[in-house]
Amino acid sequence: MIIGVPKEVKDHETRVGVTPAGVKELKAAGHTVLVEQHAGELSAFTDEEYQRVGAEIVGHAAHVWDHAELVVKVKEPVEKEYVFFRPGLTLFTYLHLAPLPALTEALLTKKVTGIAYETIRDTLGTLPLLTPMSEVAGRMSVQVGASYLEKSKGGRGLLLGGVPGVPPAEVCIIGGGIVGTNAAKIALGMGAKVTIVDRNLHRLRELDDIFGGRIFTLASNLHNLTEAVKVADLVIGGVLIPGAAAPKLVTRSMVAEMKKGAVIVDVAIDQGGCIETARPTTHSDPSYLVDGVVHYCVTNMPAAVPNTSTLALTNATFPYLQRLAQMGPREALLADPGLAGGVNTHAGVLTCEPVAASQGKEWTPIAQLLAS
Ligand SMILES: NC(=O)c1ccc[n+]([C@@H]2O[C@H](COP(=O)([O-])OP(=O)(O)OC[C@H]3O[C@@H](n4cnc5c(N)ncnc54)[C@H](O)[C@@H]3O)[C@@H](O)[C@H]2O)c1
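Residues numbered from 1 in each chain as written. Predicted model: local features only at pLDDT ≥ 70, side-chain atom pairs only at ≥ 80, totals over all residues. Heavy atoms only, no water.

Draft legend 1. A look at the pairing of strand β11 (residues 263-266). The side-chain alternation of β11 yields two buried faces, one formed by Val263 and Val265 and the other by Ile264 and Asp266. Sheet topology places strand β10 (residues 234-237) next to β11; 4 bridges connect them, and they run parallel. Along β11, the bridge assignment pairs glycine 237 with aspartate 266. By the bridge criterion, 3 bridges tie β11 to strand β13 (residues 293-296) in an arrangement that is parallel. Within β13, the residue paired with isoleucine 264 across the bridge is histidine 295. (Buried < 20%, exposed > 50% of the residue type's maximum accessible area, 1.4 Å probe, protein only. Helix = DSSP H or I, 4+ residues; strand = E, 2+ residues; numbered from the N terminus. Pairing = 2+ DSSP bridges.)

Written out as structure tokens, the structure is:
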């Protein structure tokens with residue numbers, strides 16, 4: 001199969017769909033891999049590294065898209081990439097089609113098979129291609145928070161771990177899922193006092209066991225949140241209600257009662273944020289102050305660490321890519337219903353129910369299309 005890896009063109013996107021290690025495996029399996037010039041550069045993978053393992057480096061995105069049977073990307077295509085769509089093309093990437101009717105229409109009109117990372121499920125029913133980015137963002141949230149606690153960044157001038165004779169910072173993590181657990185690991189490692197607030201008591205029991213009682217757990221309710229946020233030096237927002245906007249658990253008045261120079265990192269901002277005063281920010285202008293509290297609300301945190309993020313993402317995507325290439329998309333989808341769940345568009349038909357619901361369109365299950 002001919003596999004294409006274009007350079008990402010979305011603003012601030014620094015990751016790449018396949019690493020040189022991936023190319024090496026694909027080549028060993030007999031495939032051809034076309035990599036657009038400089039595609040891996042921002043993730044610290046040079047054209048020479050790709051070339052050494054057998055990739056063909058091509059100068060233009062159009063060449064990659066026109067010659068590849070399977071195109072592997074990271075972010076959803078932007079408008080200037082729509083011209084590359086054509087019948088029979090398989091596109092493997094994050095698509096996030098629900099709020100993007102123009103992209104959905106372009107994929108349908110051009111009969112592209114669009115397989116979205118974010119709707120693939122594993123045998124446990126979880127979303128394995130979303131998890132690695134939550135791991136990155138969760139770990140990064142503490143690193144970022146510790147940095148913004150420094151005086152020069154607008155913070156209280158606090159060292160997260162304290163020193164002998166001086167207590168550590170108090171970190172309050174709201175949501176004990178992937179983001180929250182990874183944030184807790186790093187915060188504990190840096191010597192902070194960590195509290196995790198979650199509404200799921202089973203999860204709190206698991207966290208208590210995982211961390212051997214070294215963290216404090218709190219059931220999520222208005223009273224507990226109010227008290228925990230008031231004493232916190234760093235608040236990390238990591239709640240998720242799948243498919244829904246994040247609930248505003250920390251209100252404006254709760255922020256007003258926080259310590260001056262405390263820091264909020266609202267990781268859940270990509271779902272609207274769980275802090276009332278949070279609004280989306282970018283890597284070029286990541287933070288702002290409300291009531292003397294520093295807010296960091298970057299919607300694509302993993303793009304700040306593209307080498308780690310690309311490796312983490314491709315660790316998860318590559319086994320699927322291998323199967324798509326080896327078996328061909330149709331057979332790979334028939335063999336794995338979880339992978340088939342990733343198909344959002346196929347042969348001009350919308351195949352993802354939530355996307356159809358949010359755009360008021362008709363949809364057909366992919367299994368039905370593949371069976372016919
Ligand atoms: N900003 C970024 O760059 C970035 C990167 C990765 C992930 N995220 C986002 O981070 C968020 C968290 O992702 P995740 O993978 O950790 O999700 P997850 O499903 O693993 O965890 C979410 C947790 O929130 C808890 N929760 C739900 N309602 C709650 C409430 N009312 N009070 C307290 N806890 C509550 C759930 O019980 C669960 O434990 C998501 O919105 C995700 O999209 C953002």
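Draft legend 2. How the structure looks around the site of the ligand. Taken together, 26 residues form the shell around the ligand, and within it Ser134, Val179, Asp198, Asp270 and Met301 come nearest. Within the backbone of valine 298, an N or O atom sits 3.1 Å from a nitrogen atom of the ligand. Take threonine 299: an N or O atom from its main chain is 3.1 Å from an oxygen atom of the ligand. Notes on the ligand: free accessible area 870 Å², of which the protein chains cover 86%. (Near = heavy atom within 4 Å. Polar contact = N/O pair within 3.5 Å; in protein donor to acceptor, adjacent residues only side chain to side chain. Areas by Shrake-Rupley, 256 points an atom, 1.4 Å probe, with all protein chains shown as cover.)

Draft legend 3. Structural detail: the packing of aromatic side chains. If you walk through the whole model with that rule in mind, you get 6 aromatic pairs. In this structure an aromatic cluster arises from ring pairing among Trp65, Tyr82, Phe84 and Phe85. One cation-aromatic arrangement involves lysine 153 over tyrosine 148; the distance from NZ or CZ to the ring centre is 4.6 Å. Geometry around tyrosine 288 places arginine 279 over its ring, the cationic atom sitting 3.8 Å from the centre. (Phe/Tyr/Trp six-rings, centres within 6.5 Å; stacked < 30°, edge-to-face > 60°. Lys NZ or Arg CZ within 6 Å of the ring centre and 35° of its normal.)

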